[in-house]
Amino acid sequence: MPDQPSHKPAEHTTKVSAPDALRADARRNRARVLEAARAVFAAQGVDAPMSAVARRAGVGVATLYRRFPTRSTLVTAAFEDQLTVCAAAFDEALADPDPGHGLYTLLRKVCTTLVTDRGFETVFMAGFPASLDYDRERACAEERLTHLVQRARDAGRLREDFSPADIPLLLLAVSGLASQPPETAVPAAHRLLTYLFQSFQADPPPRPAPLPPAPALDLSGLHRPVPTQPSTVRP
């Protein structure tokens, strides 16, 4: 009796999923590394040891360097999502029917991130790494900020002598709080922003809304610990 044709799948069809499984595993590992990098950079800055990222991600340092051969490539990948979040924050501010409220909401988000994420200052204010095309991103942000300020001025929400250059001045003042613990830095940043934004208004109300609660700060908060090692970014 002749052999009947087999209806079982060919042997090779059961194996083609192996590369897909490997790719899925590689994607999971990559996502885990990027999540760890964002957490480590937020806590320690982008000059944190690469070994700290690998340890948090649960991978070996060699594995980390295979996926991200330089610190710059890792920082770029880790902060790509934050670029998208920043762009969305600008879009929301521009879409706000009240230009003054839109500008204030944007600045509140930026100030909060500035004092809670040490990597943010290095990437978006100092311009590391170069592979993020920082000049283009900064020029785009400055153009959109200028547009937001002009809308608020045209709507009578900002005093006539307010300049877009006052925003970096505000951010520099807020960035000084980044050395404080988040439970102190965040309310302090919100209080300072509210103080200053009230003075930016063209017609501040005679009885402004109450300020956010004062944080637990005294003159000892001006002390910044002297770093025990150079803060230069290692490759």
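Each remark here, short or long, concerns the structure printed above.
So, here is what we can say about the structure in this document. (Residues numbered from 1 in each chain as written. Predicted model: local features only at pLDDT ≥ 70, side-chain atom pairs only at ≥ 80, totals over all residues. Heavy atoms only, no water.)

### Structural notes on the pattern of salt bridges
No. 1: Inspection of the entire model under this criterion finds four salt bridges.
No. 2: As a salt-bridge pair, Asp91 and Arg144 come within 2.4 Å of each other at their nearest N and O atoms. Of this pair, Asp91 sits in helix H4 (residues 71–95) while Arg144 is found in helix H7 (residues 134–154), placing the two residues 53 residues apart along the sequence.
No. 3: With relative accessibility at 41%, the residue Asp91 sits in the partly exposed group.
No. 4: The partner of Glu92 in a salt bridge is Lys109, with the nearest N and O atoms 2.6 Å apart. One end of the pair, Glu92, is in helix H4; the other, Lys109, is in helix H5 (residues 99–116), with 17 residues separating them in the sequence.
No. 5: For Lys109, a relative accessible area of 37% translates into the label partly exposed. (Salt bridge = Lys/Arg side-chain N within 4 Å of Asp/Glu carboxyl O. Helix = DSSP H or I, 4+ residues; strand = E, 2+ residues; numbered from the N terminus. Buried < 20%, exposed > 50% of the residue type's maximum accessible area, 1.4 Å probe, protein only.)

### Structural notes on H4
No. 1: Over its 25 residues, H4 runs 36 Å from end to end, which matches the ideal 36 Å to within 8%, given 1.5 Å per residue.
No. 2: A bend of about 35 degrees at Phe79 is the largest found in H4.
No. 3: Looking at H4, one finds that the buried residues are Arg71, Leu74, Val75, Thr76, Ala77, Ala78, Phe79, Gln82, Leu83, Ala89, Phe90 and Ala93. (Expected span 1.5 Å × (residues − 1). Bend = angle between axes of the 7 residues up to and from the residue.)

### Notes on helix H9 (residues 182–200)
Residue pairs spaced three or four apart in an α-helix point in one direction, given the helix's 3.6 residues per turn.
No. 1: With 19 residues, H9 ought to run about 27 Å at 1.5 Å a step, and its terminal C-alpha atoms sit 26 Å apart, in line with that.
No. 2: When H9 is considered as a whole, its buried residues turn out to be Thr184, Ala185, Val186, Ala188, Ala189, His190, Leu193, Thr194, Phe197, Gln198 and Phe200.
No. 3: In this structure, the buried residues of H9 make contact with H5 and helix H8 (166–175). (Contact = heavy atoms within 4.5 Å.)

### What to know about the packing of aromatic side chains
Two numbers describe a pair of aromatic rings. These are the distance of the centres and the angle of the planes.
No. 1: Counted under the stated rule, the structure contains three aromatic pairs.
No. 2: Ring geometry for Phe197 against Phe200: centres 5.9 Å apart, planes inclined by 70 degrees, an arrangement best described as edge-to-face. A residue pair is termed a helical-turn pair when its members lie 3 or 4 positions apart in one helix, as Phe197 and Phe200 do in helix H9 at three residues.
No. 3: Phe200 sits in the buried class, given a relative accessible area of 11%.
No. 4: Taken together, Tyr104, Phe162, Phe197 and Phe200 form an aromatic cluster joined through their ring pairs. (Phe/Tyr/Trp six-rings, centres within 6.5 Å; stacked < 30°, edge-to-face > 60°.)

### A few points about the side chain of Asp96
No. 1: Within the secondary structure, Asp96 sits in the loop between H4 and H5.
No. 2: Buried and unpaired, Asp96 has Arg151 as its nearest opposite-charge partner, separated by 6.7 Å.
No. 3: In this structure the side chain of Asp96 is engaged in a polar contact, spanning 2.7 Å, whose partner is the side chain of His101.
No. 4: Leaving out residues up to four positions away in the same chain, Asp96 has contacts with His101, Gly102 and Arg151. (Lys, Arg positive; Asp, Glu negative; His and termini not counted. Polar contact = N/O pair within 3.5 Å; in protein donor to acceptor, adjacent residues only side chain to side chain.)

### A short note on the nonpolar core
No. 1: In this structure, Leu103, Leu158 and Ile167 are the most contacted members of the largest nonpolar core, which totals 29 residues.
No. 2: Ignoring sequence-local partners within four residues, the contact set of Ile167 consists of Leu103, Leu107, Leu145, Val149 and Phe162.
No. 3: Counting residues in hydrophobic clusters, the runner-up holds 21 residues, among them Ala54, Val59, Val75 and Ala77. (Core = buried A, V, L, I, M, F, W, Y, C linked by side-chain atoms within 4.5 Å.)

Keep in mind these numbers describe shape, not what the thing actually does.
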